[in-house]
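Examination of the molecular architecture
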Amino acid sequence: MATLIEAQAASGASAATLRPQNRRNVRETLARYRWLLFLMLPGIIYFLLFRFWPMYGAQIAFRDYIPFLGIEGSPWVGWEHFETFFTNPDFPRLLRNTLILAALSLFIAFPLTIVMALLLNELRLNILKRTVQTLVYVPHFLSWTVVVSLTGLLFAIGNGPLWTLLNDVMGTETNFLADPAWFRPLIVLQDVWKNTGWGTIIFLAALAGVDQEQYEAAIIDGAGRWQRVWHITLPSIRSTIIVLLILQTGQILNTGFEQIYLMSNALNRTVADVFDTYVYFVGIQQGSYSYATAVGLAKAIVGVILIFGTNWLAKRFNQQGIF
Amino acid sequence: MARVKYRFNTPAGKVFDAVNVTVLIAVGTIAILPFLYVLAGSFATEYELTTRPFFLWPNEFTTDAYASILSSSVFVRAFITTIAVTGVGTAIQLVLTALMAYPLSKIDLPGRRTIMSLVVFTMVFSAGLIPTFLVVKQLGLLDTYWALILPAAINPFSLIIIKNFFQELPKELEESAKIDGANELRILRSVVMPLSKPVLATFALFYAVGIWNDYMSPLIYLSDTSKWTLQMFLRQVTAASSLTGEDLGNELPPPAQGIKFAVVMVATIPVLLAYPFLQKHFAKGMLIGSVKG
Amino acid sequence: MTPRKRLRAPLAILTVTGLALTAACTSGGADDGGGEDGGDGDDALSSLSIMAPYFAAVPPEEDDLIDQALSELTGVDLSVQWVPNTAYGERTNVVLAGDDIPDVMVIQGKTQAFVQTAEAGGFWDLTDYLRSGDYPNLVSENPDVEEASGVNGRVFGIYRARDVIRHCIILRADWLANLGLEQPQTTDELFEVARAFTEDDPDGNGQDDTYGFINPAWPGSIGSNSPYDALELWHGAGNLWTDEGGELVPSFTTDEWMEAVLYERDLVQNGYTNPDYATMDPATWNEPFVNGQGGIIIDVQSRAPQLVDLFREQDPENFESYVALVGQPEGPNGTFAMPTSGYSGFLAIPRSSVETEEQLEQVLTVLNDLTSTEAQILLNNGIEGDNFTVVDDYAEFNPDRQDFTDQVTGAWAQLGMNVAGYNAYSTRPETPFDEGLAQLRLDLQAEDLENAVFNPGASLVSDTYMSSGTQLDTLISDARIQFIAGQIDEAGLQDVIDRWHSQGGDQVIAEMNELYSELG
């Protein structure tokens, strides 16, 4: 049953482009699937080897893993690491900080990427379009350490260009980098600066596939610019937006580690601590791989539930899910 | 097509265009300025970097930093290695991903839902560093370039997006090719792939950048320094300095800021250049319209 | 639905094929591994692999000049697996999990992973071997440091010796002269200098644009040689742990610590410290000093010559007049000096690669040779006549071979243990001023060593501390900065200390004291 509903839902979205399918007999279908399955073989082997086989090692979440003793030789501790994690007095704070940062990324950074892609798409001068596109994607290639030290430079008290600017506007001498109220805005700002341009690439690829005749027809029908964007451009990237949204909900607990770790300090740590930095401190820095794996497992379960849930929701609203 | 648009220009449209151009130029400038500082800094003296807060042109021009890194044969070899591994790796990863994405784009494929669920699962949950390391070791890939390419050969995210694009392609061409007796491999190669150039170019770029920027794989899989890629050196000079007194030997000055910037430039510019090159393929997607018409 | 179900067969076949391939690969891989192990185990070693961090921009190449010279010297083919120091911890954990572990590993600190591995028998216990005297170059000239590098009385590695005294106060000498101030000898005088550097216009430009202390955001937590740790120790708070009548107590629970933190808060609240003390990147520490914004740095002595070099570039005529280097000051409760731990990690020998006692003795012999004077010169100076020459018992480096010298000092020196003394050449000072500075540093080291306060719990490893010490210590170091910044008051600070106790700190204290009474 599930497959049937799924097939209907999926074909619903692309029904416009699908021809009514002829009923093929079993033999023909078999022949067809053989080829398809053959094409998939390398991919399936890849997933078995490099994605599923290592999961055998994830059992260290239930052990006190000591590398020298090997996975099976390490003592079994059951749910101990999970208990430690969930009963940790900092847990509510970590969850809150993580969710706030995830929400900011989802509701600010993600829409900005779409807006940016649309604005770029509206540029008529091709050379300008290409130049701007290339410029905005440059920051993606600077590592977080470089981005954070550049931020330090720009907000340096006394002579940082942005510090001077904000200082003149607000008339206070705040150390923006240490002020807890400024932590989240700065994180979002860095994220937007570094990744927006890069994120537009995928939408621009989708927009490249849009049938130009549609625009011409719309213009002839007297559609204004905004109407064209609303009725042609946006629908053509809708499925990409939905897929990206679904995939992002699965990553909601993964705020990334490096940027936040580098931006946090003694004065803003109450708002800066997230699961990923916590795992780094406890798991990696202290060398407790079992604990880090247990937290990863707990996060993954939440991620799986969220992805499958939003995917189900998307289909409920007759959109094309991811599968 | 562009001509049609211009004919229907309105005053409001012109205002929008003007604002749009201004905004995007401003955004582009903001994006590039810090990068230009790093570029300028890589040609500045250590003294200037210490005393000037932010500049786009060094007062005193020096290429010492570049001379210093390029004088090392280890570094030059890493540069060549990185280009080669990125090229070969991108091709392999893209082909493997497309091969798997195409069958999955067929909504009537049996077992499709199961496979997709498992793929999504691997995207959210990875077993972690050490278990993956042990598998790579078991497969005998340690200290080979394969270790930089194969463990990340199919990115679930890329697979899902590419699959999605394939799914949205007009089916008429495939159908007619099938009637002509073409098998699925040929349809993929001569119908689907050419129609999907923009998305394939995008993910070629994603994969290339992924390999290029990957520092974890060389770090844990390659112990032979002669096989290292650029990121190993980039990380070493840019990673946040946590050098407190005890770490160092007796008289070691910290790595010069200028060297840092120069390494950032050498490790960034080649991959930056890949984009304008791939960009032209994005426009080729226009094909779809003409084919259909 | 029936035809569909039947079509699941090809999929199943594919899956099975995949699994079979997987299995084939597995067994193949396992065989390989087994073969290597067998080869390693039996005979005497003809080669020796060492894993070590490097700090230089690029690591030395395989079989470079130093490698060749050392291989000749020790009689075994030496190969070093260089790992960037920034990723050394990650690499260490992965290497320990695999089974082609190097014969010798530099271990950077007593992490949980290391301690657990050592206690599970993963590393040779070297205590008796090192004390036997069979390896004269490995007999420590400072047994306290050797013990501190061990785990609860057992020594698992040969430590890499460092100067015991490195901290000092660095001041703008020209500012002192402008204001007619003496070099501060006590913490009170230091406070007064900080005040004067802030309020009395030390650069004479008529503007209120200077401050005293320059403190960066410190990457470590408590007891990590930060300027704050130094000030607290000078006030008599002790060095991480304090022995109070035979009981170990954390130094931050002492009255002296509170006194010192109040002193630190006054420095910040009065504006005598740089305003970005909580966020300043330590890599830019020199900048405010050279640019004339701040005038006091508490850090290792080797920062002084770096600063002198920057002034040399700025003002070649008068560069000698900018930097004053002062020894550690007297505090209100006595004279205490902050030492380092005296070592920086150690070279440990894994049992999975060095399996027999014969092999162990052979490895120790090689390490003994690597600590000879000849090897120390190779490791710290390089190749005489190539990248340096000896002038007046100093090494004078050849500027044309600077890149090679960088690899020696930035990588090879990391193999140096020097536990029986440092016998390589020092760098030849450029000018009489530099020579004077070098001599001053030695004098201050000797002077401060007499007042050094060592950590009485340095060699003790508590299980609870291993598993949650980083978090616990970060609680305190964060609260310290929050208190200094005025975010929390004394009661708030005390609350955090109470949380430290209840979240595992009490257990750490109990475990430490148990070990202390057993071993101390």
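Identification of chain C as Extracellular solute-binding protein from Occultella gossypii is taken from an unreviewed UniProt entry.

You'll find chain B entered in an unreviewed UniProt entry as Carbohydrate ABC transporter permease, with Occultella gossypii given as the organism. We quote the UniProt Sequence similarities (unreviewed entry) comment for chain B here in full: "Belongs to the binding-protein-dependent transport system permease family."

What follows concerns the interface of chain B and chain A. Taken together, the contact between chain B and chain A spans 110 residues of the former and 97 residues of the latter. Both sides of the chain B and chain A interface together cover about 9,600 Å² of buried area, and 73% of this is carbon and sulfur. Viewed at the interface, chain A and chain B are joined by two salt bridges. A salt bridge links Arg124(A) to Asp17(B); the shortest N-O distance between them is 3.1 Å. Inspection of the chain B/chain A interface yields twelve residue pairs in polar contact (both at pLDDT 80 or more). With 16 residues, the single largest contributor to the side of chain B that touches chain A is helix α2 (residues 11-42) of chain B. Split into classes, the residues belonging to the side of chain B that touches chain A amount to 75 nonpolar, 20 polar and 15 charged.

Residues and elements named next belong to chain C. Read from one edge of the open sheet, three strands run β14-β15-β16, paired in mixed fashion. The open sheet has two edge strands with one neighbour each: β14 (388-391) and β16 (426-427). Examined bridge by bridge, strand β15 (residues 394-397) and β16 share two bridges and lie parallel to one another. Paired with Tyr394 across the bridge in β16 is Ser426.

Turning to the pairing of strand β13 (residues 343-348) of chain C, a few remarks are in order. All names here are of chain C. Of all the six residues making up β13, six are buried; the element is thus mostly covered by neighbouring parts of the structure. Across three bridges, strand β3 (residues 104-107) lies against β13 in antiparallel orientation. Across the sheet, the residue bridging to Ile107 is Phe346, located in β13. For strand β4 (residues 157-161) and β13, the ladder comprises four bridges, and the chain directions are antiparallel. Across the sheet, Ile158 pairs through a bridge with Leu347, a residue of β13.

Next up on the list: the sheet that holds β4(C). Residues and elements named next belong to chain C. Strand order across the open sheet formed by five strands is β2-β1-β3-β13-β4, with mixed pairing between neighbours. Edge strands, defined here as strands with exactly one partner in the open sheet, are β2 (77-84) and β4. Across this sheet, the average inter-strand angle for adjacent strands is 25°, counted without regard to direction.

As a further point, take the packing of aromatic side chains. Tallied over the entire structure, the rule returns 54 aromatic pairs over all chains. Aromatic pair Phe62(A) and Trp76(A): ring centres 5.8 Å apart, planes at 15°, arrangement stacked. Here Phe62(A), found in the loop between α2 (26-52) and α3 (70-73), pairs with Trp76(A), found in the loop between α3 and α4 (80-87); they are 14 residues apart in sequence, far enough to count as distant. You can call Trp76(A) exposed: its relative accessible area is 55%. An aromatic cluster of at least three residues, connected via ring pairs, comprises Tyr137(A), Phe141(A), Trp198(A), Phe157(B), Phe203(B), Phe206(B) and Tyr275(B). Its guanidinium or amino end placed over the ring of Trp144(A), Lys194(A) lies 4.7 Å from that ring's centre, counting from NZ or CZ. Looking at Arg172(C), its charged tip hangs above the ring of Phe289(C), at a distance of 5.9 Å from the centre.

Moving on: the nonpolar core. It is characteristic of soluble globular proteins that their nonpolar side chains tend to be buried jointly. Of all hydrophobic cores here, the largest spans 245 residues; its most connected members are Met100(B), Phe114(C) and Ile349(C). Residue contributions to this core peak at 13 residues, all from α2(A). Not counting the four nearest positions on each side in its chain, Phe114(C) is found in contact with Ile107(C), Gly109(C), Phe123(C), Val151(C), Phe156(C), Phe346(C) and Ala348(C). Ranked by size, the runner-up nonpolar core spans 23 residues in total, among them Phe252(C), Val261(C), Ile497(C) and Val508(C).

All names here are of chain A. Together, Phe107, Ile108, Leu112 and Val115 make up an exposed nonpolar region whose accessible area comes to about 360 Å². Note that Ile108 resides in helix α5 (residues 91-122). Owing to a relative accessible area of 35%, Ile108 belongs among the partly exposed residues under this scheme.

Definitions and limits used
Residues numbered from 1 in each chain as written. Chains lettered and ligands numbered in written order. Predicted model: local features only at pLDDT ≥ 70, side-chain atom pairs only at ≥ 80, totals over all residues. Heavy atoms only, no water. UniProt positions renumbered as here; feature names shortened; annotations may be inferred. Contact = heavy atoms within 4.5 Å. Buried area = accessible area lost by both parts, 1.4 Å probe. Salt bridge = Lys/Arg side-chain N within 4 Å of Asp/Glu carboxyl O. Polar contact = N/O pair within 3.5 Å; in protein donor to acceptor, adjacent residues only side chain to side chain. Helix = DSSP H or I, 4+ residues; strand = E, 2+ residues; numbered from the N terminus. Nonpolar A, V, L, I, M, F, W, Y, C, P; charged D, E, K, R; others polar. Pairing = 2+ DSSP bridges. Buried < 20%, exposed > 50% of the residue type's maximum accessible area, 1.4 Å probe, protein only. Axes fitted to C-alpha atoms, helices over the stretch in contact; angles between N-to-C directions. Phe/Tyr/Trp six-rings, centres within 6.5 Å; stacked < 30°, edge-to-face > 60°. Lys NZ or Arg CZ within 6 Å of the ring centre and 35° of its normal. Core = buried A, V, L, I, M, F, W, Y, C linked by side-chain atoms within 4.5 Å. Patch = residues over 30% accessible without salt bridge, like charges linked within 9 Å, V, L, I, M, F, W, Y side chains within 5 Å. Areas by Shrake-Rupley, 256 points an atom, 1.4 Å probe, with all protein chains shown as cover.

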